[in-house]
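Reading the structure
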Amino acid sequence: TVVLWGWSLGAEVTLRAAVALQRTGTGVDAVVIESAFRKGTTPARAVMRGAGYPGGRTLDTAMLLVGTLGGRPFDRFGDLVHTAAALSGTPILAVHGAHDTVSPIADGRAIAEATGGEIAEFDAGHSDLWTGAHTDAVGDRVGRFLAEST
């Protein structure tokens with residue numbers, strides 16, 4: 001059984017890895033993404049804004065340069081909905097906090113919809129899905145999804 005799971009930037013990596021594995025014929029039985037975003041610039045802008053730093057053209061230039069180092073300068077600007085859509089038919093659960101100020105809940109919904117997957121929303125933010133009162137509810141939901149999908 002192959003299950004890929006990623007949070008925030010890890011959710012992007014997970015989606016891209018699942019698509020790459022699918023292209024090689026390696027099956028992915030299920031995907032769980034937490035606090036996913038559509039564009040790499042979205043969380044970067046939110047974090048910069050939250051820290052009081054500029055997030056306009058300076059950030060765009062930095063993201064372009066970082067992408068250039070990896071040989072794919074525009075990846076951070078692309079919409080992951082299009083990437084994720086290739087996973088239609090793979091069970092996907094998008095876990096998201098309704099009060100996420102880094103990765104908007106609308107992004108998680110759009111990715112889940114594009115894949116035919118499910119969205120599980122919790123009364124949480126970006127980094128606290130697994131803390132406090134949310135832990136049991138998130139764990140139960142993910143556990144049910146994995147039991148049904150694998």
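Note: the structure precedes this text.
Here the residue numbers are simple positions, counted from 1 along each chain's written sequence. The predicted nature of this model means local features are confined to residues of pLDDT at least 70 and side-chain atom pairs, given and counted, to a pLDDT of 80 or more, with totals for whole chains, interfaces and linings taken over all residues. Based on all heavy atoms of the structure, the side-chain values leave hydrogens and waters out of the count.

1. A closer look at the overall build of the protein chain
Each helix corresponds to a stretch of at least 4 residues labelled H or I by DSSP, and each strand to a stretch of at least 2 residues labelled E; elements are numbered beginning at the N terminus. A count of helical and extended segments in the protein chain gives six helices and four strands. Its C-alpha atoms give the protein chain principal-axis dimensions of roughly 45 × 40 × 20 Å. Note on classification: 1.4 Å probe, protein chains only; a residue is buried when its accessible area is under 20% of the maximum for its type, exposed when over 50%, partly exposed between these limits. Within the protein chain, the proportion of its 150 residues that are buried is 41%. Contacts between residues were defined by any pair of non-hydrogen atoms, one from each residue, lying within 4.5 Å. Within the protein chain, contacts between residues at least 6 apart in sequence are counted, and of these 70% link residues at least 24 apart. The method behind every accessible area is Shrake-Rupley, applied with a 1.4 Å probe, and residues are considered shielded solely by the protein chains displayed. On the protein chain, roughly 7,700 Å² of surface is accessible, and the fraction owed to carbon and sulfur atoms is 57%. Counted charges follow a simple rule, with Lys and Arg positive, Asp and Glu negative, and His plus the chain ends left uncounted. In plain terms, the charge of a residue is placed at NZ if it is Lys, CZ if Arg, CG if Asp and CD if Glu. Measuring between centres, the 12 positive side-chain charges of the protein chain sit 10 Å from its 16 negative side-chain charges.

2. Some details on the packing of aromatic side chains
Side-chain rings of Phe, Tyr and Trp (the six-membered ring for Trp) are treated as a pair once their centres are within 6.5 Å; stacked means planes under 30 degrees apart, edge-to-face means over 60, and tilted covers the remaining angles. Tallied over the full model, the rule gives one aromatic pair. Here Trp-5 and Trp-130 contribute two aromatic rings whose centre-to-centre distance is 6.4 Å and whose plane-to-plane angle is 45 degrees, an arrangement assigned as tilted. In this pair, Trp-5 sits in strand E1 (residues 3-7) while Trp-130 sits in the loop between strand E4 (118-122) and helix H6 (134-149), placing the two residues 125 residues apart along the sequence. The class of Trp-130 is partly exposed, set by a relative accessible area of 37%.

3. Observations regarding the environment of Val-142
Within the secondary structure, Val-142 is located in helix H6. You can call Val-142 buried: its relative accessible area is 4%. As a C-alpha pair, Val-142 and Arg-109 span 33 residues in sequence and 16 Å in three-dimensional space. Once residues lying within four places of it in the same chain are set aside, the contact partners of Val-142 are Trp-5, Leu-93, Val-95 and Trp-130.

4. As for unusual backbone geometry
The phi angle at Ser-8 is positive, at roughly 60 degrees, despite the residue not being glycine. Summarising the element assignment, Ser-8 is placed in the loop between E1 and helix H1 (9-23). The backbone of Ser-35 shows a phi angle near 50 degrees, a positive value even though the residue is not glycine. Within the secondary structure layout, Ser-35 lies in the loop between strand E2 (30-34) and helix H2 (41-51). Residue classification places Ser-35 among the buried positions, given a relative accessible area of 0%.

5. A word on the packing of H2 against helix H3 (residues 57-69)
Orientation of H2 relative to H3, taken along the N-to-C sense of each, is 135 degrees, at an axis distance of 11 Å. Classified by the interaxial angle, the pair formed by H2 and H3 is oblique. In terms of crossing hand, the pair formed by H2 and H3 is right-handed. Residue-level inspection shows Thr-41, Ala-44, Arg-45 and Met-48 of H2 in contact with H3, the latter providing Leu-59, Asp-60 and Met-63. Side-chain classes follow a simple rule in which Ala, Val, Leu, Ile, Met, Phe, Trp, Tyr, Cys and Pro form the nonpolar group, Asp, Glu, Lys and Arg form the charged group, and the remainder, Gly included, forms the polar group. Tallied by class, residues from the contact of H2 with H3 come to four nonpolar, one polar and two charged. Where helices are involved, their axes are fitted lines through C-alpha atoms of the stretch in contact, as for all axes, and angles between N-to-C directions lie from 0 to 180°. Under this scheme an angle from 65 to 115 degrees is roughly perpendicular, one under 35 degrees roughly parallel, and one over 145 degrees roughly antiparallel; angles in between are oblique. By definition, any crossing whose near helix is turned counterclockwise from its far helix by less than a right angle is left-handed, and any crossing with a clockwise turn is right-handed.

Keep in mind that these numbers describe shape and distance, not what the molecule does.
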